[in-house]
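# What the coordinates show
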Amino acid sequence: MVIMTASTTFQPVLERIAEEIERTPGRGRPADYIPALAARDPRRFGMAVAEPDGTVYGVGDWREPFSAQSLTKVFTLALDLAREGDALWEHVGREPSGNPFNSLVQLEYENGIPRNPFINAGALVVTDRLHTRTGDASGELLAFLRAESGNPDLSFDEEVAASEAAHGDRNAALGHFMASYGNIDNPVPVLLDEYFRQCSITASCADLALATTFLARHGVRADGTRLLTRSQAKQINAIMLTCGTYDAAGDFAYRVGLPGKSGVGGGIIAVVPGRCALCVWSPGLDERGNSVAGMAALDRFTTLTGLSVF
Ligand code: GLN
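Let me sum up the structure you'll find in this document. The model shown is predicted, which means the values in this text are computed figures rather than measured ones. (Residues numbered from 1 in each chain as written. Predicted model: local features only at pLDDT ≥ 70, side-chain atom pairs only at ≥ 80, totals over all residues. Heavy atoms only, no water.)

### So, the overall build of the protein
Helices and strands together make up the secondary structure of the protein, namely 13 helices and seven strands. In terms of overall dimensions, the protein has C-alpha extents of about 55 × 40 × 35 Å along its principal axes. Here the protein, with 310 residues, has 58% of them falling under the buried criterion. Long-range contacts, defined as pairs at least 24 residues apart, comprise 69% of the intrachain contacts of the protein with a sequence gap of at least 6. As presented, the protein carries roughly 11800 Å² of accessible surface, and 51% of it is formed by carbon and sulfur atoms. (Helix = DSSP H or I, 4+ residues; strand = E, 2+ residues; numbered from the N terminus. Buried < 20%, exposed > 50% of the residue type's maximum accessible area, 1.4 Å probe, protein only. Contact = heavy atoms within 4.5 Å. Areas by Shrake-Rupley, 256 points an atom, 1.4 Å probe, with all protein chains shown as cover.)

As structure tokens, then:
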């Protein structure tokens, strides 16, 4: 057990976790419903921890860019919540769905109001609202991620965006269905283009751990300005805990015990409020779309360090 104190660096615990993961067989399979993601090697593994002052520790492929996919839903939510506040919650709920991330079934029973902002339907609503407010949802998101990570080279991966658009019938169905209930403002093709571009953003564990530190700082950005109230930062952390890994959120809370958000590119971000933000990447997924080695690594991190919200 390596119980952390404020002055201990995270490097030894990251190295221990990487060694353990290296010895663990079974990595799941990369997402293949977006063909451009299918080619990644499931043995790749990286992990980074960023402290609120911008210090970053990392191990393995922690500087390797990967497809952020649904990790971006956390940042889009923060950007929209900062602008419109609680009015957002008239258009999207805050309850776990207990269903896969791209499920359609609840939407009809619940009159086109998605369960939460982290399933695809909910993220489409948040993107739509941010786009209405800014005229450039994906540009706002990219600018935010560049500023928080300190990496001006972050960009969209047009090949991944095009690959997803070409196989995006399910997201298109979600968009059109919600539009039929009046819950989407922009033309659905415009919304889908914005959404796919956001998902395609390519960034490393180091970039994404740093970009997530505003939640560890209770809503304060890297430059010291406040994006969210302390209460809003708490709310986003709570939604990450209950909804961030879809129908595995209960298992994630049980094993990891942190606010977290997964993406089908194999990334998971997590927050230890007041202490640090983490990002782990390994492209092999379980059947619920969460990185197998990523879940295992975060499980070991909170077990070894004693850092969890519980
Ligand atoms: N772009 C992916 C999709 O919409 C994001 C899903 C995910 O990362 N869970 O299907």
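That covers the picture; the talk isn't over yet.
### Considering the site of the ligand
Taken together, 13 residues lie around the ligand, and Tyr33, Gln69, Ser70, Glu164 and Tyr195 are the ones closest in. A distance of 2.9 Å separates an oxygen atom of the ligand from a polar atom in the side chain of asparagine 120. Valine 264 is positioned such that a nitrogen or oxygen atom in its backbone is 2.7 Å from an oxygen atom of the ligand. In isolation the ligand offers 290 Å² of accessible surface; the protein chains occlude 99% of this area. Of the residues belonging to the shell around the ligand, the class tally is six nonpolar, five polar and two charged. (Near = heavy atom within 4 Å. Polar contact = N/O pair within 3.5 Å; in protein donor to acceptor, adjacent residues only side chain to side chain. Nonpolar A, V, L, I, M, F, W, Y, C, P; charged D, E, K, R; others polar.)

### Side note on the environment of glycine 294
When you line up the elements, glycine 294 lands in helix 13 (residues 292-305). In this structure glycine 294 comes out as buried when scored by relative accessible area, which is 0%. C-alpha separation for the pair glycine 294 and proline 283, spaced 11 residues apart in sequence, amounts to 8.7 Å. Apart from the residues within four sequence positions on either side, glycine 294 is in contact with Ile268, Val280 and Ser282.

### Focus: the pairing of strand 1 (residues 46-50)
Of all five residues that make up strand 1, five are buried, and the element is covered over most of its length. Residues of strand 1 alternate between two faces, with Gly46, Ala48 and Ala50 on one and Met47 and Val49 on the opposite face, all of them buried. As paired strands, strand 1 and strand 2 (residues 56-60) are joined by five bridges and run antiparallel to one another. By the bridge assignment for strand 2, valine 49 is matched with tyrosine 57. Here strand 1 hands over to strand 2 after five residues, with glycine 54 in that stretch at a positive phi of 95°. Here five bridges tie strand 1 to strand 7 (residues 276-281), and the two strands are oriented antiparallel to one another. Each bridged residue has a counterpart across the sheet, and for methionine 47 the counterpart in strand 7 is valine 280. (Pairing = 2+ DSSP bridges.)

### Overview of the packing of aromatic side chains
If you walk through the whole model with that rule in mind, you get 10 aromatic pairs. Centre to centre, the rings of phenylalanine 75 and phenylalanine 144 are 6.2 Å apart; their planes meet at 45°, and the pair counts as tilted. Residue phenylalanine 75 is located in helix 2 (residues 72-84), and its partner phenylalanine 144 is located in helix 5 (residues 137-149); the two are separated by 69 residues in the primary sequence. In this structure, arginine 63 is placed above the aromatic ring of tryptophan 62, and the distance from its NZ or CZ to the ring centre is 4.2 Å. (Phe/Tyr/Trp six-rings, centres within 6.5 Å; stacked < 30°, edge-to-face > 60°. Lys NZ or Arg CZ within 6 Å of the ring centre and 35° of its normal.)

### A few points about the nonpolar core
If you look at the biggest cluster of nonpolar residues, it comprises 62 residues, and the most contacted ones within it are Phe75, Leu208, Leu215 and Ile236. Contact partners of leucine 208, with chain neighbours within four places excluded, come to Phe66, Ala68, Leu71, Phe75, Ala203, Ile269 and Cys279. Leu14, Tyr57, Val272 and Leu304 belong to the second largest nonpolar core, which has 27 residues in total. (Core = buried A, V, L, I, M, F, W, Y, C linked by side-chain atoms within 4.5 Å.)

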